[in-house]
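Architecture and fold: a report
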Amino acid sequence: MSEIDESRAPLLDHLIELRRRLLMCIAALVIAFAIAFYFSESIFAFLVQPLLAAGQGTVIYTEIFEAFFVQVKVAFFAAMMIAFPVIANQLWQFVAPGLYRKERRALLPFLLATPMLFILGAAMAYYVAIPMALHFLLGFDGVVGGVKREALPAIGNYLSFIMQFLFGFGLSFLLPVLLMLLERAGIVTRKQLVSARRYAIVGAFAIAAVLTPPDIGSQLLLAIPLCILYEAALIGIWFTERRRAREVEELEAE
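Quick caveat, the model's predicted, so the values are computed rather than measured.

What about the pattern of salt bridges?
- On inspection of all chains with the given rule, the structure shows four salt bridges.
- Between Glu17 and Arg20 there is a salt bridge, with its nearest N and O atoms 3.2 Å apart. Residue Glu17 and its partner Arg20 are located together in helix H2 (residues 11-38), separated by three residues, close to a single helical turn.
- In this structure Glu17 comes out as partly exposed when scored by relative accessible area, which is 22%.
- For Arg20, a relative accessible area of 40% puts it in the partly exposed group.
- Residues joined by salt bridges that share partners form a network here, namely Glu17, Arg20 and Arg21.

Re the nonpolar core
- Of all hydrophobic cores here, the largest spans 32 residues; its most connected members are Tyr158, Ile162, Phe165 and Leu166.
- For this core, the elements supplying multiple residues, two or more each, are helix H3 (40-47), helix H5 (66-95), helix H6 (101-137), helix H7 (155-172), helix H10 (197-211) and helix H11 (216-253).
- The dominant element in this core, judged by the number of residues it contributes, is H7, at nine residues.
- Those residues within four positions of Ile162 in sequence are excluded, and the remaining contacts are Leu47, Tyr126 and Ile130.
- Core analysis: the next-biggest nonpolar cluster, separate from the first, contains 13 residues, Leu174, Leu179, Leu193 and Ala233 among them.

The rules behind the values
Residues numbered from 1 in each chain as written. Predicted model: local features only at pLDDT ≥ 70, side-chain atom pairs only at ≥ 80, totals over all residues. Heavy atoms only, no water. Salt bridge = Lys/Arg side-chain N within 4 Å of Asp/Glu carboxyl O. Helix = DSSP H or I, 4+ residues; strand = E, 2+ residues; numbered from the N terminus. Buried < 20%, exposed > 50% of the residue type's maximum accessible area, 1.4 Å probe, protein only. Core = buried A, V, L, I, M, F, W, Y, C linked by side-chain atoms within 4.5 Å. Contact = heavy atoms within 4.5 Å.

Right under this line is the structure:
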């Protein structure tokens, strides 16, 4: 009897298990949200540091509820990141019984690499890309035609701006995981990815143009790492292909 046959369960059992996992995910998110909302001002103080470093010491809000909703959004974004390990673990616990042992060994590294790559991308956005973008965008202050032009960023707009960077860079850095999963699923091959390299480079710069301000520095800060990550994915796929080939040879030898 196969591993999957041994783990089979009636549909109702699967639905009950799914409901239990979803409830645990929701509970983790609610608890994380409550904690994050309590510390939302401190979290926003951390997010606003690049703006302070760029010489802008004031943010405004023009709607009565804007400041409150910004705190809610900050708490929600923070809660998603805090609860992600729990959510990912519950998803894995639900899916893993339906996989072969080899499939579980193959997917687990991708699951572990996802948060690390996302954090790496978000850190690059926070410490490098956002300060450079703010330096460029706030450089338009001054007198134009006898009129003083001064930046007064709204608190909600600034949050949207910085979250666009953090999530844009974080998700973009998941490119190797996506490509290796597609190759593992048989949707693409390494040869196809190698032949599509030039299109990938164009796509990287197109993504950078959408997610970053119009200055070339910010765009290069995203486009170049995307190209490097694409090459890293090709190298990773090459290693996995060699390992699979050795496993096939060993099976044939037996």
